[in-house]
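Residues per chain, in single letters:
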Amino acid sequence: MTDRLTLQRFADLAQAYGGVIERWPASDQVVARDMAQTAEGAAILADALTLDHALDAWRVPLPDAQLAQRIAASAPHAPKLRPAKLRVRIGLWWSGIGAAAALAGAVAGFATVTLATPHDAAVSADTSFGDLADKDS
Amino acid sequence: MTEDDPDTGLLARIGHGDAVATRMLVAAKLPRILGLATRLLRDPVAAEDLAQEAFVRVWRNAPKWQPGRARFDTWLHTVVLNLCRDRLRRRRDAGGDALPDVADPAPDAEATMIAAQQARQVADAIAALPERQREAIVLVHYQDLSGAEAAQVLDISVDALESLLARGRRTLRAQLGPSRKGDAHD
């Protein structure tokens, strides 16, 4: 651990790593924070921060969810992404359940609620659960 | 340096086919990979393609990942940097030395023309740096790697890294900084 830091070394570090001391080598940070309290140290840091802030203007977009989904699906043992058409049909299947349940509740209104099995049961139920890809969308 | 690698546990789970760990790693690393590739390639489509290629290597290496030699994040940056270098070399060989247009700025940066213009100026200034200086600046300032980690990725000493950073920042300050009459020296 560095217990001494010359002003020149402080300036060199600011020139290399910028004005954020947390980016400097860990071994220099404690002493550097003390030196940053001096007028000379504060001026050096302020100067370096000017460039840091200018560099921060260049931002790049975050990755979109579809890219992340494709990459996760490319991993070995990852659950396969279903074709979009099939996902739409599954969505309709769930909508059918919701509509049927609501209708049953409204009409019957007592005793037990009869949940009608949807007619378009072409999609097997085993694809409707536990699919992480669907939870993202 | 490597004993507290926070990614080791995730990699072990991925090696056992844990889909949740896979998604967690993608969520954690994809923005970093894409940020590095976008800034070095300045081509968002190529950067996305490269990110997918980098993750193929992650999946291949996760089951046999050995903690201790390097942090996973450092290794991943080395992979992405090498992939970027390959693409830039192929681009140069193909005669397409001119860099594609700067990546679209983030939506909030797009909010004002001034912010977009500033982003473009920075991107152009960094692109004009010598390759090693550009890589050093991107790794330390934008990727937040420590000096030791960035030096490891670039396969140079920390002293050499600091020299690259200082020269790069000096050039950038001359190009991006306001004309300050009292700023006569570094």
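Residues numbered from 1 in each chain as written. Chains lettered and ligands numbered in written order. Predicted model: local features only at pLDDT ≥ 70, side-chain atom pairs only at ≥ 80, totals over all residues.

Draft legend 1. The arrangement of the domain arrangement of chain B in detail. Residues and elements named next belong to chain B. By domain assignment, chain B separates into domain 1 (1–97) and domain 2 (104–179). Look at where the C-alpha atoms of domain 1 and domain 2 centre, and you get two points 20 Å apart. Counting from both sides, the interface comprises 13 residues of domain 1 and, opposite them, 13 residues of domain 2. Listing elements by their share of the side of domain 1 that touches domain 2, those giving two or more residues are helix H2 (19–41) and helix H4 (72–93). It is H2 that contributes the most residues to the side of domain 1 that touches domain 2, five residues altogether. Among the residues forming the side of domain 1 that touches domain 2, the class breakdown is six nonpolar, four polar and three charged. (Domains from an automatic or database assignment. Contact = placed C-beta atoms within 7 Å. Helix = DSSP H or I, 4+ residues; strand = E, 2+ residues; numbered from the N terminus. Nonpolar A, V, L, I, M, F, W, Y, C, P; charged D, E, K, R; others polar.)

Draft legend 2. The interface of chain B and chain A, seen in detail. The interface is formed by 41 residues belonging to chain B together with 29 residues belonging to chain A. The element that contributes the greatest number of residues to the side of chain B that touches chain A is H2(B), accounting for eleven residues. In the side of chain B that touches chain A, the residues fall into 24 nonpolar, nine polar and eight charged.

Draft legend 3. Just the packing of H4(B) against helix H8 (residues 147–154) of chain B, in detail. Residue and element names in this part refer to chain B. As a packed pair, H4 and H8 sit with axes 9 Å apart at the nearest point and diverge in direction by 40 degrees. In this view, H4 runs oblique relative to H8, as classed from their interaxial angle. With respect to the hand of their crossing, H4 and H8 are arranged in right-handed fashion. Residues Thr74, His77, Thr78 and Leu81 of H4 lie in contact with H8, whose contacting residues are Glu149, Gln152 and Val153. (Axes fitted to C-alpha atoms, helices over the stretch in contact; angles between N-to-C directions. Parallel < 35°, antiparallel > 145°, perpendicular 65-115°, else oblique. Left-handed = near helix turned anticlockwise from the far one by under 90°.)

Draft legend 4. The arrangement of the packing of helix H4 (residues 65–73) of chain A against H2(B) in detail. Relative to each other, H4(A) and H2(B) sit at 135 degrees, their axes nearing to 9 Å. Considering their axes alone, H4(A) and H2(B) lie oblique with respect to each other. In the packing of H4(A) onto H2(B), the handedness of the crossing is right-handed. Across from A:Ala68, A:Ile71 and A:Ala72 in H4(A), the residues of H2(B) making contact are B:Thr22, B:Arg23, B:Val26, B:Ala27 and B:Leu30.

Draft legend 5. Local environment of the confidence of the model for chain B. Residues and elements named next belong to chain B. When pLDDT is averaged along chain B, the result is 88, and 85% of the positions lie at 70 or above. Low pLDDT (under 50) marks residues 179–186, which in the prediction has two contacts with non-local residues, meaning those over four places away or in another chain. Confidence estimates for the predicted assembly give a pTM of 0.74 and an ipTM of 0.84. (pLDDT = per-residue confidence, 0-100.)

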